[in-house]
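Architecture at a glance
Given next are the chains, with one letter for each unit.
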Amino acid sequence: MIGEEAMINYENFLKVGEKSGAKCKQFFTAKVFAKLLHTDSYGRISIMQFFNYVMRKVWLHQTRIGLSLYDVAGQGYLRESDLENYILELIPTLPQLDGLEKSFYSFYVCTAVRKFFFFLDPLRTGKIKIQDILACSFLDDLLELRDEELSKESQETNWFSAPSALRVYGQYLNLDKDHNGMLSKEELSRYGTATMTNVFLDRVFQECLTYDGEMDYKTYLDFVLALENRKEPAALQYIFKLLDIENKGYLNVFSLNYFFRAIQELMKIHGQDPVSFQDVKDEIFDMVKPKDPLKISLQDLINSNQGDTVTTILIDLNGFWTYENREALVANDSENSADLDDT
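This one's a predicted model, so the numbers in the text were calculated from it and none came from an experiment.

1. Focus on a nonpolar patch on the surface
Together, Met 48, Phe 51 and Met 55 line one region of the surface with nonpolar side chains, adding up to about 330 Å² of accessible area. When you line up the elements, Met 48 lands in helix α3 (residues 47-68).

Below, the structure written as C-alpha cells:
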C-alpha cells in the first residue's frame, strides 16, 4: 500500500493474470503494465488505475459495437440521421434525462447531435468517423448522465444535460419575438448582452444557412457553439470565415478595420470615446504574431492562443469594453477579495 493506494509489481501482476479467466488475459501484458508504470521506485503500478484502464477499454469496445449498429452504410461513419437515432434510443437509459417531456425529445436530440457535428465535421461533409466519436470526450459527457447523483455544477457545464439543453432552447424561444420558429437578424441581435455589431450579424446571415433570410434552430446551435467555445479551433474556424469578408483565407488591415469601425460607432452611440483603430490593430498583431506581418491566417489565430480575445474585440462591444478595462476589472476584483478577507 502507498497511503490508500494498493500497488502490485510485475511478477504478481502476471500471477493474477494466470488466475483470471480467458477474457481477461489480453489485459495482463507487459505492454499494459508499462503503460501504467509511472514513478514508483519499486516498479509497481496502482491496482485501481489498472482496474479503471480495463473498464475504459471494455467501455470503448462496447460503445464501438453500439455505434456500429447505427452505421447503416457499414463504412465506419455515422451520418446525422444515424447519430440522431443513436441518441434518441439512448435517452431512456440516462436517468438524468428522466424529466424531459417527450415533446422536447426532437429538440434535445438536435441540440446533442449538433455538438458532435460542429466539432467533429469541420468540413461539413455530413458524416463523422466512429473512431473520432470514441476519441473525443463528448460521449463521456453524454454518458455521465447515467449518474443519478450528478451534481448541479456538473449538469450546468455539461452541454448534454437537461438544464443545459433547456437553457439553449429557452434562449432561442425568448429571441423569437414573432413566434414563427425562426430568428431574423434583428431578433438575433439581442443574443447575450445584445452588444454584437450589425456588421458581424450581417456576415452571419450572409454566410450561414438561412430560410428567407431567417435562421432555424440548427443554424442557431452552430452560432451558440462557436460563441461559447471561442478558444476551440472549430469555433475559431467558424468565426474566421465570417471575418474573412474578401474570402482570401487571411485577415488584413482592411478586414480588421471593417469590423472595428462598427465597434467605434457603437462606442459613440453609448457615449464612450472611440479608441483609435491604429492602437487596436497593433495590439491584435502583437497578440497573434502572425508568420506574415501583414496578414493573419486561421492557423496564426489558433497557434497564438489569443483567438478568443481577438475575435471578441472585433465583434462585440461588451467584449471589447471588458478587454479595454481588463486591468481596472482585475484591480476591482482584487479589492473586493481583500474587502471580503477583512470582513
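2. Examining the UniProt feature "domain: PP2A regulatory subunit B'' EF-hand" (unreviewed entry) in the protein
Mapped onto the present numbering, the UniProt feature "domain: PP2A regulatory subunit B'' EF-hand" (unreviewed entry) falls at residues 72-148. As annotated, residues 72-148 has a helix share of 51% and a strand share of 8%, and its two end C-alpha atoms lie 32 Å apart.

3. A word on the pattern of salt bridges
Within this structure, the stated rule accounts for 14 salt bridges. Close ionic contact of Glu 207 with Lys 241 constitutes a salt bridge, the shortest N to O distance being 3.9 Å. Here Lys 241 lies in helix α13 (residues 233-243) and Glu 207 lies in helix α11 (residues 198-207), a separation of 34 residues in the sequence. Judged by its relative accessible area of 32%, Glu 207 falls in the partly exposed class. Classification of Lys 241 by relative accessible area gives partly exposed; the value is 48%.

4. Focus: helix α9 (residues 162-175)
Relative to the 20 Å expected for 14 residues at 1.5 Å per residue, α9 spans 20 Å between its end C-alpha atoms, a close match to the ideal helical length. Every buried residue of α9 is accounted for by Ala 162, Ser 164, Ala 165, Val 168, Tyr 169, Tyr 172 and Leu 175. Of the surrounding elements, those touching the buried residues of α9 are α5 (105-120), α8 (152-157), α10 (185-188) and α12 (217-228). Sitting at the head of α9, Ser 161 places a side-chain oxygen 3.3 Å from the backbone nitrogen of Ser 164.

5. Observations concerning the domain arrangement of the protein
On domain assignment, one finds that the protein holds domain 1 (1-70), domain 2 (74-175) and domain 3 (179-331). The C-alpha centroid of domain 3 is placed 47 Å from the C-alpha centroid of domain 1.

6. Things to note about the layout of surface pockets
Empty space left among the atoms is revealed by rolling a probe the size of a water molecule over them. Here the largest pocket defines a volume of roughly 570 Å³. Arg 114, Arg 124, Asp 222, Tyr 238 and Lys 241 are, among the 22 residues lining the largest pocket, the residues nearest its centre. Mapped by element, the contributors of at least two residues to the lining of the largest pocket are α5, α12 and α13. For the lining of the largest pocket, the element with the highest residue contribution is α13, accounting for 5 residues. Taken together, the residues of the lining of the largest pocket break down into 10 nonpolar, 3 polar and 9 charged. In this structure, the lining of the largest pocket is formed jointly by two domains, domain 2 (74-175) and domain 3 (179-331), each of which donates at least three residues.

7. A word on a negative patch on the surface
On the surface, a cluster of negative charge is made up of Asp 98, Glu 144, Asp 147, Glu 148 and Glu 149. Looking at Glu 144, the relative accessible area reads 32%, which means it is partly exposed.

Parameters and conventions
- Residues numbered from 1 in each chain as written.
- Predicted model: local features only at pLDDT ≥ 70, side-chain atom pairs only at ≥ 80, totals over all residues.
- Heavy atoms only, no water.
- Patch = residues over 30% accessible without salt bridge, like charges linked within 9 Å, V, L, I, M, F, W, Y side chains within 5 Å.
- Areas by Shrake-Rupley, 256 points an atom, 1.4 Å probe, with all protein chains shown as cover.
- Salt bridge = Lys/Arg side-chain N within 4 Å of Asp/Glu carboxyl O.
- Helix = DSSP H or I, 4+ residues; strand = E, 2+ residues; numbered from the N terminus.
- UniProt positions renumbered as here; feature names shortened; annotations may be inferred.
- Buried < 20%, exposed > 50% of the residue type's maximum accessible area, 1.4 Å probe, protein only.
- Expected span 1.5 Å × (residues − 1).
- Contact = heavy atoms within 4.5 Å.
- Polar contact = N/O pair within 3.5 Å; in protein donor to acceptor, adjacent residues only side chain to side chain.
- Domains from an automatic or database assignment.
- 1 Å grid on protein atoms, 1.4 Å probe; cavity = no way out; pocket = protein on both sides within 12 Å on 5 of 7 lines; lining within 4 Å.
- Points joined across faces, edges and corners; volume = space filled by probe spheres on them.
- Nonpolar A, V, L, I, M, F, W, Y, C, P; charged D, E, K, R; others polar.
- Lys, Arg positive; Asp, Glu negative; His and termini not counted.
- Charge placed at Lys NZ, Arg CZ, Asp CG, Glu CD.

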